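For reference, the chains in residue letters:
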Amino acid sequence: MGLKPVIWKELKDLSRDRKTILTAVVLPAIMLPLMAQLLVLAQKSTPVRVVIINEDKGSVVPALLLQPIPFLQGKQLQRVNLGLEVAKLIIQSVKRVNPSVEAIIINGTPKAVPNYNVLIIIPKDFSARLLTLDPSSFNVTYVEVFYRAGPSSLGIGVTQVYQTVITTLNLISKQYFARERVSILLACCNATKVPPEAVLSPIVVKTQYVSVTGKRISAAELGKMLSAKLLLFSIFYVSVPVLAFISDSIAGEKERKTLETLLASPVSRRDVVLGKFMASLALGILAAVADVVGLIFYIQTINTQLATTAVKGMPSFTLTLDPRIIALHGFVMLLVVASTAALLMPIVSLTDSVRSAQSIGGFVQMIPLLIILYAMYSDINTLPLSAKILAYAIPHTYAVLAIDQALKGSWLGVAESVIAMLIITAALLAITVKIFESEILITGFSKKRKTS
Amino acid sequence: MSAVEVRDLWRSFGNKVVLKGVSFEVDEGEIFGLIGPNGAGKTTTLRIISTILKPDKGRVIVWGIDVVKEPAKARKIISYLPEESDVYLRLTGYENLKFFAMLYSKDNKEVEEMIEEGIRIADLGDAINRLTKTYSKGMRRRLALARTLMVKPKLAILDEPTSGLDVYSSINVRKVIKEFVKKTGSTVILSSHNMLEVEYLCDRVAFIADGKIISVGTPGELKEAYGAENLEEAFVRAVKEVKGVGA
């Protein structure tokens, strides 16, 4: 009997360590969904008040002129208040983004402006300036939009409504009135066959996303890739409880002076190290599963409850739940936990107390986080040589590379990364066994440790 | 052949030489006491015998096994209770015993026998099934002692087994050690600052000061040698003779 009793003891101990279990399982499972809910709440529950002051006096225009403008179609020769129509359109747009928005239109110039988060002032000559048929009278008209700054107004909800107002006004300006004016000007030049777009946008930019293999991909597929990158943050999440466990399991045994008894027993040092490592894997499995569950809820909440586009029809990226990526993520997270434990074990073995183990271990954990952050924005291979050497010595790097390789569809690349990760993990475990077999574990680096 | 032979042990930590040629022998079935002031080298000596530390020079033979050359083999016949060693607080008393029984035994039958012996030695009643974090210090020490002795080691090494315990708990621990040796015939090396305890428990005693053994003998022999009425007085005189310092 060697390894089995150590695993048994560590698992018993772990199962009663509520704080570590809480950190490992409950937090990853609820933190991300909670974050998503908070984002939704921040957007939807923040009371946003939009006030539109429409000072527009209107203008008499023939129905023919109104036909090309979708939201004015059907209007007959009469006094048209364009400001009011635009105000209604703005309210429609902001209500789509945030149904709880309180929006009011005040026609004319009020004596006092009511309380607002976003204020829009449509000028008196709005209709007259925009609905003129005489090219020599073409001019710009100014709509003022006020964003009330202040702690209570800096919420995501107000910002989104403000942006929606701006986007809607720009859309109306470019798609309807600019086109209309260009058509009139082209007619003056007898160039009726020239499409207005040829004047408005002589250069059209056509975008296309392609994968690293050169294959064309859709925005949805790009969203999938971005989602996979987002998942890299989980590497840090699942690593945190490992530090708590390893610190208690090694430095805690030193503190409680149970380690000497264990080391003097017939169990081999290798079995002591492996037993603690295997128990950390059990913790890792729980953490990885909890993390995946949390992520699924997070992505679902973000995609279904959080408005990501201001105006209907505008392109946007959404986070995507791809079962293969989620499965790979779970597997890689398990490997991450294993390599985190292996990375921390030799370091923690050299500390004298749980407190110092957690301090130094916390610092060491920051190194993989830096790699993850870099990988979020760039390719690890683009690092300077010295940084690249350091990065490739850390097993977590291969977790990032494995996910990258999976996105490229290179399963051989995934296997290579996983094997590299396992080799480094094994090497780190071998170092820990060496430390356990040496006196440093008891005496520390300061060999002047007091003995009686 | 002696059960334990400690020959010319030297050990330093950095520039400080802690052991300066410690030598003594322990006979089979004997309770041997190692007595000395703080910093004399007691714990270092016991750690070397229990394979936790290695000497810079010298050797320790336990039943013919060189503990430096064959530590794995030596650990099978040695059981060590370090000074102030605690128990696993998130395990019950029973589980603590089971863990060490599993480490020392070959099969489940042996595990059960060891646990049974451990429960008897610990004598904690129903508390044996409670988490040890609910135990008093005395209960935890009894459990630690039970964990050390239940495996019936050929050599039990006890570093200040009653350190920090109240009078009643100390009496109980001493009783357990005495009964254990009587029942099993095992050999015990213990260190202590309590001269009454040493006099009550030990067949022979070694005085250690400044990393050197200064005197070895039965409590009676030592008292006679230093013309003292009790062991404490003998110890103080012995240390004064060598170092000119009090204990």
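Please refer to the structure placed before this passage.
A brief look at the structure comes next. Small disclaimer: the values here were computed from a predicted structure and weren't measured.

**Considerations on the overall build of chain A**
Point 1. Tallying secondary structure elements over chain A gives 17 helices and eight strands in all.
Point 2. Looking at the 452 residues of chain A, the share that counts as buried comes to 48%.
Point 3. Pairs at least 24 apart in sequence give 75% of the contacts found in chain A among residues at least 6 apart.
Point 4. Surface summary for chain A: the accessible area is close to 21,900 Å², and the carbon and sulfur share equals 64%.

**Notes on the overall build of chain B**
Point 1. Counting its secondary structure elements, chain B contains nine helices and 10 strands.
Point 2. Here the C-alpha atoms of chain B give a radius of gyration of 18 Å, agreeing with the 18 Å that 2.2 N^0.38 yields for 247 residues.
Point 3. Its C-alpha atoms put chain B at 50 × 40 × 35 Å along the principal axes.
Point 4. With 247 residues in all, chain B has 59% of them scored as buried.
Point 5. The contacts in chain B between residues at least 6 apart in sequence include a share of 64% that link residues at least 24 apart.
Point 6. Looking at chain B as shown, the accessible area adds up to about 10,100 Å², and 47% of this sits on carbon and sulfur atoms.

**Here's the deal with the packing of helix α15 (residues 395–408) of chain A against helix α16 (residues 411–437) of chain A**
All names here are of chain A.
Point 1. Running from N to C, α15 and α16 cross one another at 170°; their axes reach a closest spacing of 8 Å. Classed by the angle they form, the pair α15 and α16 counts as roughly antiparallel. Contacts from P395, Y398, A399, L401, A402, Q405 and A406 in α15 reach W411, G413, V414, S417, A420, M421, I424, T425 and L428 in α16.
Point 2. Classifying every residue of the contact of α15 with α16 by side-chain character gives 12 nonpolar, four polar and no charged.

**Examining the side chain of T20(A)**
All names here are of chain A.
Point 1. Structurally, T20 can be placed in helix α2 (residues 18–44).
Point 2. A residue is classified by how much of its surface remains accessible, and T20, at 5% relative accessible area, is buried.
Point 3. Setting aside residues up to four positions removed in sequence, T20 forms contacts with L14, P241, A244, F245 and L283.

**Some words on a nonpolar patch on the surface**
Residue and element names in this part refer to chain A.
Point 1. A grouping of L22, V26, L27, I30, M31 and L34 is seen on the molecular surface, where their side chains present a nonpolar patch of about 450 Å² in accessible area.
Point 2. Mapped onto the secondary structure, L22 falls in helix α2.
Point 3. Relative accessible area serves as the criterion here: at 44%, L22 is assigned to the partly exposed category.

**Section: the pattern of salt bridges**
Point 1. Applying the stated criterion to the full structure yields 29 salt bridges over all chains.
Point 2. Note that R256(A) and D248(A) form a salt bridge whose closest N and O atoms lie 3.5 Å from each other. In this pair, the class of R256(A) matches that of D248(A), namely buried.
Point 3. Note that E25(B) is salt-bridged to R7(B), the shortest N-O span being 2.1 Å. With a gap of 18 residues between them, E25(B) in strand β2 (residues 16–26) and R7(B) in strand β1 (residues 4–13) connect regions that are remote in the sequence.
Point 4. What you see here is one network of salt bridges that share partners, running through D13(A), D17(A), D248(A), R256(A) and R90(B).

**Topic: the interface of chain B and chain A**
Point 1. In this assembly, 46 residues from chain B lie in contact with 32 residues from chain A.
Point 2. Regarding the contact of chain B and chain A, the summed buried area is about 3,700 Å², with carbon and sulfur atoms giving 58% of it.
Point 3. Remark: the boundary between chain B and chain A carries eight salt bridges.
Point 4. In this structure, E95(B) engages R16(A) in a salt bridge whose closest nitrogen and oxygen atoms are separated by 2.4 Å.
Point 5. Across the contact surface, chain B and chain A share 15 residue pairs in polar contact (both at pLDDT 80 or more).
Point 6. Breaking the side of chain B that touches chain A down by element, the ones donating at least two residues are β1, α1 (42–49), β6 (78–81), α3 (93–104) and α4 (108–122) of chain B.
Point 7. Examining the composition of the side of chain B that touches chain A, we find that seven residues originate from one element, α3(B), more than from any other.
Point 8. Residue composition of the side of chain B that touches chain A, grouped by class: 19 nonpolar, 13 polar and 14 charged.

**Some details on the sheet that holds strand β4 (residues 57–62) of chain B**
All names here are of chain B.
Point 1. The strand order across the open sheet built from four strands is β2-β1-β4-β5, with neighbouring strands paired in antiparallel fashion. Pairing within the sheet leaves two strands with one partner each, and these edge strands are β2 and β5 (65–66).
Point 2. Pairing of β1 with β2 involves eight bridges; the strand directions are antiparallel. For L9, the partnering residue across the bridge sits in β2 and is V22.
Point 3. The strands that α1 touches are β1, β2 and β4; relative to β2, the one it contacts most, it runs at about 60°.

**Here's the deal with the sheet that holds strand β4 (residues 102–107) of chain A**
All names here are of chain A.
Point 1. A sheet is described by the order of its strands in space; here four strands give the open sequence β4-β1-β5-β6, paired in mixed fashion. Every interior strand has two partners, whereas the edge strands, β4 and β6 (144–147), have only one. Across the sheet, the mean angle from the axis of one strand to that of its neighbour is 15°, orientation sign disregarded.
Point 2. In this structure, strand β1 (residues 49–54) lies alongside strand β5 (residues 118–122), joined through five bridges in parallel fashion. Bridged to I53 within β5 is I121.
Point 3. Docked against the sheet, helix α4 (residues 82–97) engages β1, β4 and β5, running at close to 175° with respect to β4.

**Digging into the environment of G330(A)**
All names here are of chain A.
Point 1. Structurally, G330 can be placed in helix α12 (residues 323–349).
Point 2. A relative accessible area of 19% places G330 in the buried class.
Point 3. In sequence terms G330 and S234 are 96 residues apart; their C-alpha atoms lie 9.8 Å from each other.

**Points about the nonpolar core**
Point 1. In terms of nonpolar packing, the biggest core is built from 154 residues, with I49(B), V62(B) and F207(B) touching the most fellow members.
Point 2. With 13 residues, the single largest contributor to this core is α12(A).
Point 3. Excluding anything up to four places from it in sequence, V62(B) contacts A3(B), V4(B), I49(B), V67(B), I77(B), I78(B) and L155(B).
Point 4. Judged by nonpolar contacts, the second largest core, of 27 residues, contains V86(A), L89(A), V118(A) and V161(A).

**With respect to the pairing of strand β7 (residues 155–159) of chain B**
On a regular strand, one side chain projects to one face of the sheet and the next to the other, so that they alternate.
Residue and element names in this part refer to chain B.
Point 1. Taking burial as the measure, the five residues of β7 include five buried ones, the bulk of the element.
Point 2. Burial along β7 is two-sided: L155, I157 and D159 and A156 and L158, pointing in opposite directions, are all buried.
Point 3. For β6 and β7, the ladder comprises four bridges, and the chain directions are parallel. Looking at β7, one finds that L81 is bridged to L158.
Point 4. Bridge count between β7 and strand β8 (residues 187–191): five bridges; the pairing is parallel. Across the sheet, residue I157 finds its bridge partner in β8, namely I189.
Point 5. In this view, the connection linking β7 to its parallel neighbour β8 by way of helix α6 (residues 167–184) has right-handed handedness.

Procedures and definitions
Per chain, residue numbering runs from 1 following the sequence as it is written. Here every chain gets a letter starting at A, and every ligand a number starting at 1, in the order they are written. Reporting of local features is limited, given that this is a predicted model, to residues whose pLDDT is at least 70; pairs of side-chain atoms are given and counted only at 80 or more, and all residues count toward the totals for whole chains, interfaces and linings. Side-chain metrics in this entry use all non-hydrogen atoms of the structure; hydrogen atoms and water are not considered. Where helices and strands are cited, they refer to DSSP runs of H or I of at least four residues and of E of at least two residues respectively, numbered from the N terminus. Between buried and exposed lies partly exposed: a residue is buried under 20% and exposed over 50% of the maximum accessible area for its type, with that area taken using a 1.4 Å probe on protein chains only. A contact between two residues is defined here by any heavy atoms of the two lying within 4.5 Å. Computed by Shrake-Rupley with a 1.4 Å probe, the accessible areas treat only the displayed protein chains as cover when residues are assessed. Atoms counted for the radius of gyration: C-alpha only. Globule rule: 2.2 Å times the number of residues to the power 0.38. Axis definition: a line fitted to C-alpha atoms, limited for helices to the stretch in contact. Angles are taken between N-to-C directions and run from 0 to 180 degrees. By the definition adopted for this analysis, an angle is roughly parallel if under 35 degrees, roughly antiparallel if over 145, roughly perpendicular if from 65 to 115, and oblique otherwise. Throughout, the ten residues Ala, Val, Leu, Ile, Met, Phe, Trp, Tyr, Cys and Pro are labelled nonpolar, Asp, Glu, Lys and Arg are labelled charged, and all others, Gly among them, are labelled polar. To count toward a patch, a residue needs a relative accessible area over 30% and no salt bridge; like charges are then connected within 9 Å, while nonpolar side chains (Val, Leu, Ile, Met, Phe, Trp, Tyr) are connected within 5 Å. One side-chain nitrogen of Lys or Arg within 4 Å of one carboxyl oxygen of Asp or Glu is enough to make a salt bridge. Using a 1.4 Å probe, buried area is obtained as the accessible area two parts lose upon being combined, added over both of them. Think of a polar contact as two N or O atoms within 3.5 Å of one another; within protein, one of them needs to be a possible hydrogen donor and the other a possible acceptor, and neighboring residues in sequence only count if both atoms come from side chains. Being paired, for any two strands, means DSSP has found at least two bridges between them. We call a set of buried residues a nonpolar core when its members are Ala, Val, Leu, Ile, Met, Phe, Trp, Tyr or Cys and they connect through side-chain atoms within 4.5 Å of each other. With strands facing away from the observer, any crossover in which the path from the first strand over the helix to the second runs clockwise is taken as right-handed.

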